[in-house]
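Residues per chain, in single letters:
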Protein chains: 2
Amino acid sequence: MTNNRSSQIWSTISSREVYKNPWIRVREDRIVHPNGKEGIYGVVEVPLGVYVIAINERSELLLIKQSHYPTGLDSWGLPAGAIKPGKTFQEQALEELQEEAGYFAQELIRIGMAQAQPGITSQIDHFFIAKQLHRKQLPNETDLRLEEGITEVGFFSFEDVDKMVSNGLITHGQTLSGLYLYQSWKNKSAF
Amino acid sequence: MTNNRSSQIWSTISSREVYKNPWIRVREDRIVHPNGKEGIYGVVEVPLGVYVIAINERSELLLIKQSHYPTGLDSWGLPAGAIKPGKTFQEQALEELQEEAGYFAQELIRIGMAQAQPGITSQIDHFFIAKQLHRKQLPNETDLRLEEGITEVGFFSFEDVDKMVSNGLITHGQTLSGLYLYQSWKNKSAF
């Protein structure tokens, strides 16, 4: 996948940090647009992320219900998180699956990546199918989940997942991206 | 679609603006997590957005190729943009379709919404199918597009679109979300 690299048509004149917390860093760059016009660009830097498409032996998809503070909306979605320093994508995928949903997976398959909001943030997420699931409970898991706004965990048939999309119960963008990547991967694998 | 509203389990103690430019506003809130723990939350505020799934009389999808400064990656994707003050979603969808791709649509159908990156930004995007397309050229359209990093515009069969996803030519998350919402809407409309 070398064909999605930047054509390097933007250029940076200077860059200054305007805000930082443990999760994001915001910088304002002075830039030259690809048409030669000078301007500023506010960029939100975040670590790479992983999303987990965990499927049980009945071909049901694991989803978590999360209340999102920045939008004020709830949505069912895939377990996900930022890659911690020193962790591989696979290790982080397993960690999120356990922390957010209470499962371990014996098999992980990387199926693609997606930019969450590339006009504003540096976010690039990698998507993994997780199979051969086993319940793996942490002693304080309910509290840890609630801290992130996660209130429910459940398995749903793909028919139900599609109904949840139609009914507005799944409005989490990267979850919809993951569902498309999974369908596309599955159709390809069928041949 | 009242069922995706927030369960209001987060609460805000105080809020301060830490950065602002004409496109984004960043604030740091002092909050109480749903489990009662106090902390801070950096939120990136952006206007609502629209995405346009424009389909021609040969059932081909209109895509633009854009170089994204924050990620350093190129991707083919749907025309999109932020709602300007005083504009309706429909007016903004038509404006983005013309400015980013050079087309006017006589028919717009709203098919859903998605949160781009709800752990960090307030971004909520509304998706429209656009039909009955007519070329509508602006005198300086190539320069305007290049200013936003848009280098190409094209129509592709959905078979080709799926290959572009598999080959990593489409890595734009909300474009993948839009493709899933479109498929889901089309399957439902078939019955």
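Keep in mind the model is a prediction, meaning the values are calculated, not measured.

1. Concerning the relation of the copies chain B and chain A
Between chain B and chain A, the superposition needs a rotation of 180 degrees and an axial shift of 0.0 Å, giving an RMSD of 0.0 Å. Here the two chains are linked by the operation of a two-fold rotation axis. Identified as the residue of chain B closest to the rotation axis by C-alpha distance is Ser177 of chain B, at 2.4 Å. Here 100% of the interface residues in chain B have copies in chain A that are interface residues too; the copies meet face to matching face.

2. A look at the packing of aromatic side chains
Applying the stated criterion across every chain, the model contains 16 aromatic pairs over all chains. Ring geometry for Trp10 of chain A against Tyr69 of chain B: centres 5.7 Å apart, planes inclined by 50 degrees, an arrangement best described as tilted. Of this pair, Trp10 of chain A sits in the segment before strand E1 (11–20) while Tyr69 of chain B sits in the loop between strand E5 (61–68) and strand E6 (73–77), on two different chains. Accessibility classification places Trp10 of chain A together with Tyr69 of chain B in one group, the buried group. An aromatic cluster of at least three residues, connected via ring pairs, comprises Trp10 and Tyr41 of chain A together with Tyr69 of chain B. A cation over a ring is seen here: Arg135 of chain A above Tyr103 of chain A, with NZ or CZ 5.8 Å from the ring centre.

3. Some points on the nonpolar core
Counting 44 residues, the largest nonpolar core has Ile53 and Leu63 of chain A together with Ile53 and Leu63 of chain B as the members making the most contacts within it. What Leu63 of chain B contacts, discounting residues up to four positions off in sequence, is Trp76, Gly77, Leu78, Glu152, Val153, Gly154, Phe156, Val161, Met164 and Ile170 of chain B.

Scoring rules and cut-offs
Residues numbered from 1 in each chain as written. Chains lettered and ligands numbered in written order. Predicted model: local features only at pLDDT ≥ 70, side-chain atom pairs only at ≥ 80, totals over all residues. Heavy atoms only, no water. Least-squares fit on C-alpha atoms with pLDDT ≥ 70 in both. Contact = heavy atoms within 4.5 Å. Phe/Tyr/Trp six-rings, centres within 6.5 Å; stacked < 30°, edge-to-face > 60°. Helix = DSSP H or I, 4+ residues; strand = E, 2+ residues; numbered from the N terminus. Buried < 20%, exposed > 50% of the residue type's maximum accessible area, 1.4 Å probe, protein only. Lys NZ or Arg CZ within 6 Å of the ring centre and 35° of its normal. Core = buried A, V, L, I, M, F, W, Y, C linked by side-chain atoms within 4.5 Å.

By themselves, these are just geometric observations and shouldn't be taken as functional.
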